[in-house]
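Secondary and tertiary structure notes
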Amino acid sequence: AASVDFLARLDHNLAINVLGPMRILELARGCKNLVIFTQISTSYVNSDKSGWIEEKIYNDFRKDPEEALTEILSIPEDKIEARQAGILGDFPNTYTYTKSLAERLLQLRRGTIPLLIARPAIIGCSHFDPEPGWTDSVDAAGALFLTAGMGLVKKAVGREDNIGDIVPADTVVDTVLVASAKYAAPNAFQVIQIGTSYLNPVRWRLCSQIVIEYWKANQTPKRVSDDLAFSMVESRKLYELQHFLKLQVPTKFYLYTAKALGNTKMIQNVERYQRLVVERSKNIVAIFEPFTTCEFIFESRRMPALYSNLTSEEKEVFKSMNVENIHWIYYLRIYSYGLKTFILKEEADRPTHSDNYDLVRRHVRTEYFSEAMWAYRTGSENYTIRSKAEVTNLIFNSSRVQNAINNLLKDITDRQSGKRGKSTDQIKKELDSTARGHIKKM
């Protein structure tokens, strides 16, 4: 268990996220048949940095972890808020700071206890199990997607071209189970990052587009606005200005008018709107801002290595570990469906891969070839410059692109089954030509 309240006071998150694991570690020492101690951490324990994040504990904490813990515990309760910002330093909130401190203390205190630190990125809905789209929380990206779909949030602070590391919930569960079994050995110590930014990156721009398209087509009666839209602005000052002019000023005017008219119901409605939209939207944006303005690429070599060593039968059981097979347009649609179905408790038809053909044609450059753009922008010290024709062929013939084309081909042929239409060969040639055309334009 952990506290994922980003706004909680430092001592409150410390009690759960740091002191909690320390007590469990002491309990583990008394377990004669202990196999492994697995700590569920977060990839954002390194959110005081940005860019490339390795699968390791960095030896750069601001001070000795034991000294840091002692210092915080010695601060009087009425002084903690005044000291909090100075203690956090470059960490954006008390959640990421306390999870980072917990990792370091576990490493120092474990002795010979085998320790696995599992670091999920932003946990989203399930990809496969217990069913596609399942979710029971609206933390992190889920909160942003849901409030955008309800018309509560229309703008956020961030860079739409940044990679957002969203990982399915069942991927996290499966990876923790497999990793705990694999690394269970005397005195073992390992860190594993569970995410998608390294293997199958998705950008916030695509997230915004697909989520809003879903909610426009599947509107909730709980929405507060019919004008659904969502985008990101890079400037905090520009966001504040837009928020003031588009939300605060009209709301204050309506409230003033309602009070002047003495209309009690109108006053109640405006005050409710002020709480739900004006104030809450700003809080949600502020909470998520550190993760949309900064870009993180979390090294994740151990997860695919674990998956590749499974048997065929095991790969089917733990299939969610293969995050390279996530089709982001489909996944973002089932995530939105899951929020509507399991959070808002509203009936909805679950999206299928065949629903996405038109969406894919619109977003094919962003989606299918995001790994090529990511590789181009990220770069490497050891690389070989290839011709454009060679790059085109390499991308086109990659398993991911070919799988996508074959899936589309199957969907189209299934939909026109029993009807007169183009032959399978004709459709395949058109898809191949479209794909190559988009690659050449990159």
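The shown structure was predicted, so the numbers you read here are calculated from the model rather than taken from an experiment.

How two helices pack is summed up by the angle between their axes together with the distance between the axes. As a packed pair, helix 1 (residues 10–17) and helix 5 (residues 94–109) sit with axes 9 Å apart at the nearest point and diverge in direction by 40°. The angle between the axes of helix 1 and helix 5 places the two elements in the oblique class. When the axes of helix 1 and helix 5 are compared, the crossing they make is right-handed. Facing helix 1, whose interface residues are Leu10, Asn13, Leu14 and Asn17, helix 5 presents Thr94, Tyr95, Tyr97, Thr98, Lys99, Leu101 and Ala102. When the residues that make up the contact of helix 1 with helix 5 are grouped by side-chain class, the tally is six nonpolar, four polar and one charged.

A separate point is the sheet that holds strand 7 (residues 189–194). One open sheet holds the three strands; their spatial order is 1-3-7, and the pairing between them is parallel. Edge positions in the sheet fall to strand 1 (37–40) and strand 7, since each has one partner strand and no second. Looking at each pair of strands side by side, their axes are set apart by 15° on average, direction ignored. Direction of pairing for strand 3 (residues 115–120) relative to strand 7: parallel, over a ladder of six bridges.

Here we take up the side chain of Thr96. Along the chain, Thr96 falls in helix 5. Setting aside its immediate chain neighbours within four residues, Thr96 contacts Tyr44, Val45, Ser47, Phe91 and Phe291.

Glancing now at helix 2 (residues 19–29). Three or more residues of helix 2 are buried, namely Leu19, Gly20, Pro21, Met22, Leu25 and Ala28. Contact partners of the buried residues in helix 2: helix 1, strand 1, helix 3 (65–74) and helix 5.

Here Arg205 is to be found in helix 8 (residues 204–217). For Arg205, a relative accessible area of 32% translates into the label partly exposed. Taking C-alpha positions, Arg205 is 4.6 Å from Glu160, a pair spaced 45 residues apart along the chain. Leaving out residues up to four positions away in the same chain, Arg205 has contacts with Glu160 and Asp161.

The rules we used
- The numbers attached to residues start from 1 for each chain and follow its sequence in the written order.
- Totals for whole chains, interfaces and linings use every residue, but because this is a predicted model, local features are given only for residues with pLDDT of at least 70 and side-chain atom pairs only at 80 or more, for both listing and counting.
- Side-chain measures here rest on the full set of heavy atoms in the structure, leaving out hydrogens and waters.
- Between the N-to-C directions of two axes lies an angle of 0 to 180 degrees, each axis being a line fitted to C-alpha atoms and, for a helix, fitted only over the stretch in contact.
- Numbering of helices and strands runs from the N terminus, with a helix taken as a DSSP run of H or I at least four residues long and a strand as a DSSP run of E at least two residues long.
- What sets the label is the angle itself: under 35 degrees gives roughly parallel, over 145 gives roughly antiparallel, 65 to 115 gives roughly perpendicular, and the rest give oblique.
- Helix crossings are classified by the rotation of the near helix relative to the far one: an anticlockwise turn of less than a right angle makes the crossing left-handed, while a clockwise turn makes it right-handed.
- What makes two residues a contact is simply this: any of their non-hydrogen atoms within 4.5 Å.
- Residues were grouped as follows: Ala, Val, Leu, Ile, Met, Phe, Trp, Tyr, Cys and Pro as nonpolar; Asp, Glu, Lys and Arg as charged; and all remaining residues, including Gly, as polar.
- Being paired, for any two strands, means DSSP has found at least two bridges between them.
- Only protein chains enter the calculation, and the probe is 1.4 Å; a residue is then buried if its accessible area is under 20% of its type maximum, exposed if over 50%, and partly exposed in between.

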